[in-house]
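Per-entry structural report
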Amino acid sequence: MTKPGKIMRSRMVLIMVIVILCLSIVSTSSLVNIMVINGEKYQNEASNQQLYDSLITAPRGDIYDRNMQILATSSTAWTVYITPNAIKKIKNDEQREKIRKLIAENLSQILEVEYDTVYADTDKNSYYVIVKKKIDKQTADKVREFISANKDLEITKYIGIDETTKRYYPNDTLASVVLGFVGSDEQGLAGIESYYDNELTGIAGRVVAAKNAAGTDMRFTYEKVEEAIKGTTFVLTMDSYIQYTAEKYLEAAIKENKIA
């Protein structure tokens, strides 16, 4: 005759086996879901959290006259951005507010933008918010000086500067109707800039770098760079001196004859 204690132990063992089997099935199902069914999704999400992916703007091709005098070219400019999500990770409320006000006060003065706008941007749910595009080197250096002067507050975690390009015309309005112009995104909107936009537009490059838990890029830890390729250069049949002379006398004739 089987003892009651032995039966109880057998039942306990059976229950434990059943529980272990159930847990194994649940764990296996979870692993299959994570690694097989939704593996690609979770891999992409992990990459987005761990990597900083930034485009390098390609310079547009230059435009010359027949004597190789430059009519349109692209120079280096900079874009200033902030990382609000990194600011939100500051646990001390007083410290976080201090950082927000410091950034808003200084960037609004240096970049000549509204204080309230920058202050509101520091609270957005994003790792990348542009404060101002296409600033010159002198202004970019002032931003760098501000960042350097506040190393003790680790401002570099919350402000960044990306290199980009800016289109300009050395001869101002000379042949402006022929050359045309570009928009804020460097896309040709009129004249030769528009007609040959595909050829003048270069191929953008990329910088892929490691990103820490605060969302700050660590470019010297891991970095892969694809250099941008400049757009095609154009040489026109136009002579800028003849064009200047023609425009000068045409303007004089319009004034002299009071033509509307």
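Details of the structure are given in the entry above.
This write-up is about the structure you can find in this document. (Residues numbered from 1 in each chain as written. Predicted model: local features only at pLDDT ≥ 70, side-chain atom pairs only at ≥ 80, totals over all residues. Heavy atoms only, no water.)

Moving on to the overall build of the protein chain. Scanning the protein chain for helices and strands turns up ten helices and ten strands. When the 260 residues of the protein chain are sorted by exposure, 32% land in the buried category. Sequence separation of 24 or more characterises 71% of the internal contacts of the protein chain that already satisfy a separation of 6 or more. A total of about 17400 Å² of accessible surface is found on the protein chain, and carbon and sulfur atoms cover 55% of it. (Helix = DSSP H or I, 4+ residues; strand = E, 2+ residues; numbered from the N terminus. Buried < 20%, exposed > 50% of the residue type's maximum accessible area, 1.4 Å probe, protein only. Contact = heavy atoms within 4.5 Å. Areas by Shrake-Rupley, 256 points an atom, 1.4 Å probe, with all protein chains shown as cover.)

Charged atoms that come close allow side chains of opposite charge to pair. If you walk through the whole model with that rule in mind, you get twelve salt bridges. Overlapping salt bridges bring together Arg60, Arg167, Glu193 and Asp197 as one network. (Salt bridge = Lys/Arg side-chain N within 4 Å of Asp/Glu carboxyl O.)

Another aspect to go through is the nonpolar core. Judged by nonpolar contacts, the single largest core of 24 residues is most densely connected at Val80, Ile103, Leu107, Ile155, Tyr158 and Ile159. Listed by contribution, the elements that provide at least two residues to this core are β3 (70-82), α3 (84-88), α4 (93-111), β4 (129-135) and α6 (137-149). Element by element, the count of residues in this core is highest for α4, at six residues. The residues contacting isoleucine 159, other than those within four sequence positions of it, are Val80, Tyr81, Ile82, Ile103, Leu107, Val143, Phe146 and Ile147. Counting eleven residues, the second-largest nonpolar core is a separate cluster that includes Leu71, Ala72, Leu174 and Ala175. (Core = buried A, V, L, I, M, F, W, Y, C linked by side-chain atoms within 4.5 Å.)

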